[in-house]
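# Inside the fold
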Amino acid sequence: MKWFQEGHVAIVTGGSRGLGYALTRELLAKGLTVIADGRDPVALDRAARSIRSEAPAVGPRLIAIPGDVADRDHAHALIAAAQRVGRLDLLINNASTLGATPLRAVADLDRKTLSSLFDVNVFAPIHLIAHALELMHRSEISTVVNVTSDAGVEAYPAWGGYGATKAALELVSRVLAAELQGTSTRVLLFDPGDMDTAMHRDAIPDADPSELRDPTDSARALLRAIAEMKQQLERARAAELTPA
Ligand SMILES: NC(=O)c1ccc[n+]([C@@H]2O[C@H](COP(=O)([O-])OP(=O)(O)OC[C@H]3O[C@@H](n4cnc5c(N)ncnc54)[C@H](OP(=O)(O)O)[C@@H]3O)[C@@H](O)[C@H]2O)c1
């Protein structure tokens with residue numbers, strides 16, 4: 001019994017760049033079918049072309065569906081694509097927003113920014129999980145991965161809005177794992193570490209890229225964490241894992 005193998009199916013939200021792009025490439029290379037999204041259809045198409053030109057054998061195993069995870073119809077389209085393939089073994093809730101940048105102090109957070117943060121980072125993963133579970137339970141074993149951040153645990157000034165969503169996602173993941181006790185579906189919280197991505201550049205424009213992780217290393221570390229998973233719920237940090 002393996003957590004992921006050739007013939008398995010994964011949904012990766014936010015697959016057009018950064019960690020989601022790296023995860024999509026790595027999972028395709030392992031023979032999975034990957035359903036990936038992103039709001040910008042041009043960027044998503046560019047990402048899919050880049051993967052296909054690198055690995056033409058990917059063929060129809062890459063299913064790119066542009067859309068916003070916070071849009072219910074789009075979320076349903078992701079699940080429907082998995083249903084058409086016939087299974088869903090891995091759901092990676094990776095797409096995320098920082099809200100407004102530059103990041104703001106808690107006292108300066110407005111309602112609109114908070115709503116959008118919680119819509120994308122918390123409500124969308126919950127909605128996707130709710131609709132994915134029936135199909136996931138049909139697999140011998142399956143994994144829900146919620147991508148989190150140390151900002152969900154530590155108190156960094158100006159990270160209160162985004163950090164609150166990751167803290168909420170962590171709690172929801174723990175409750176979900178308790179509810180799924182005894183089923184074949186497990187829950188992994190994954191902190192990818194500080195990566196050299198657009199999100200990090202938006203948050204901390206003057207960071208030194210040489211001190212940031214390559215998102216491919218974090219993607220490989222996540223695959224290792226999934227492969228080595230033993231409990232119903234685990235929290236893995238890329239910084240503590242060797243890449244798969
Ligand atoms: N970068 C870091 O240092 C770091 C550290 C800790 C945790 N994380 C977490 O790691 C994950 C990946 O971050 P990243 O740095 O790779 O981000 P990124 O480079 O900004 O990439 C985000 C991806 O998600 C997509 N996306 C954003 N909002 C979306 C939405 N509403 N619906 C669908 N797709 C959406 C983006 O495409 P579109 O813009 O076209 O939609 C893009 O493909 C996130 O959960 C983040 O919180 C990152």
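The coordinates are above.
First, a word on scope: everything that follows refers to the structure included in this document.

What counts and how
Residues numbered from 1 in each chain as written. Predicted model: local features only at pLDDT ≥ 70, side-chain atom pairs only at ≥ 80, totals over all residues. Near = placed C-beta within 6 Å. Helix = DSSP H or I, 4+ residues; strand = E, 2+ residues; numbered from the N terminus. Pairing = 2+ DSSP bridges. Axes fitted to C-alpha atoms, helices over the stretch in contact; angles between N-to-C directions. Contact = placed C-beta atoms within 7 Å. Core = buried A, V, L, I, M, F, W, Y, C linked by C-beta atoms within 7 Å. Buried ≥ 20, exposed ≤ 12 C-beta atoms within 10 Å, placed from the backbone. Right-handed = clockwise from strand over helix to strand, strands pointing away. Expected span 1.5 Å × (residues − 1). Parallel < 35°, antiparallel > 145°, perpendicular 65-115°, else oblique. Left-handed = near helix turned anticlockwise from the far one by under 90°. Nonpolar A, V, L, I, M, F, W, Y, C, P; charged D, E, K, R; others polar.

Of all residues adjacent to the ligand, which total 31 residues, the nearest are Gly 14, Gly 18, Arg 39, Ser 96 and Thr 197. Put simply, the parts of the chain that give the shell around the ligand at least two residues each are α1 (18-29), β2 (33-38) and α6 (198-203).

Further remarks concern the sheet that holds strand β7 (residues 233-237). Across the sheet, which stays open at both edges, the seven strands sit in the order β3-β2-β1-β4-β5-β6-β7 with parallel pairing between neighbours. Every interior strand has two partners, whereas the edge strands, β3 (62-66) and β7, have only one. For this sheet the average axis-to-axis angle between neighbouring strands, irrespective of direction, equals 15°. Sheet topology places strand β1 (residues 9-12) next to β2; four bridges connect them, and they run parallel. Within the sheet, the bridge partner assigned to Val 12 lies in β2 and is Ala 36. Its contacts with the sheet place α1 against β1, β2, β3, β4 (90-93) and β5 (142-147), and it is angled at close to 165° to β2. Those strands touched by helix α7 (residues 215-227) are β5, β6 (185-191) and β7, and its axis lies near 150° from that of β6.

Moving on, we get to the nonpolar core. The biggest cluster of nonpolar side chains holds 61 residues, and the ones touching the most others in it are Ala 10, Ile 11, Val 34, Leu 91, Ile 92, Val 145 and Leu 222. Not counting the four nearest positions on each side in its chain, Val 145 is found in contact with Leu 91, Ile 92, Asn 93, Leu 188, Phe 190, Leu 222 and Ile 226.

When β2 meets β3, the two strands line up parallel, connected through five bridges. Looking across to β3, one finds that Gly 38 is bridged to Pro 66.

Turning our attention to the pairing of β5. Of all six residues that make up β5, six are buried, and the element is covered over most of its length. Of the two faces of β5, the one lined by Ser 142, Val 144 and Asn 146 and the one lined by Thr 143, Val 145 and Val 147 are each fully buried. Relative to β5, β4 runs parallel, the two sharing four bridges. When the sheet's bridge partners are listed, Ile 92 is paired in β5 with Val 145. Between β4 and its parallel partner β5, the chain crosses via helix α4 (residues 111-137), and the hand of that crossover is right-handed. The pairing of β5 with β6 spans six bridges and is parallel. In the strand pairing of β6, Asn 146 is matched with Leu 189. In this region the chain leaves β5, passes through helix α5 (residues 160-179) and returns to the parallel neighbour β6; the handedness of that crossover is right-handed.

Right, let's get into α1. Helix length check: α1, at 12 residues, gives a terminal C-alpha distance of 17 Å against a target of 16 Å (1.5 Å per residue), a fit within 8%. Within α1, 10 of the 12 residues are buried, which leaves it mostly tucked inside the rest of the structure. Every buried residue belonging to α1 is among Gly 18, Leu 19, Gly 20, Tyr 21, Ala 22, Leu 23, Thr 24, Arg 25, Leu 27 and Leu 28, and all of these are buried. One or two residues past the end of α1 sits Gly 31, with phi positive at roughly 90°.

A few words on the packing of α1 against α7. Running from N to C, α1 and α7 point in directions that differ by 55°, and their axes come no closer than 8 Å. Here α1 is positioned oblique relative to α7, judged by the angle of their axes. Two packed elements cross with a definite hand, and for α1 against α7 that hand is right-handed. Within the contact between the two elements, α1 uses Gly 18, Leu 19, Ala 22, Leu 23 and Glu 26 and α7 uses Pro 215, Thr 216, Ser 218, Ala 219, Arg 220, Leu 222 and Leu 223. Of the residues in the contact of α1 with α7, the class split is seven nonpolar, three polar and two charged.

Let us look at the environment of Glu 140. Along the polypeptide, Glu 140 turns up in the loop between α4 and β5. Separated by 26 residues in the primary sequence, Glu 140 and Leu 114 have C-alpha atoms spaced 38 Å apart.

To continue, consider unusual backbone geometry. Thr 101 connects to Pro 102 through a cis peptide bond whose omega is -5°. Its place among the elements puts Pro 102 in the loop between β4 and α4. One non-glycine residue, Ala 158, lies in positive phi territory at about 80°. If you trace the backbone, Ala 158 turns up in the loop between β5 and α5. Judged by the 17 C-beta atoms lying within 10 Å of it, Ala 158 is partly exposed.

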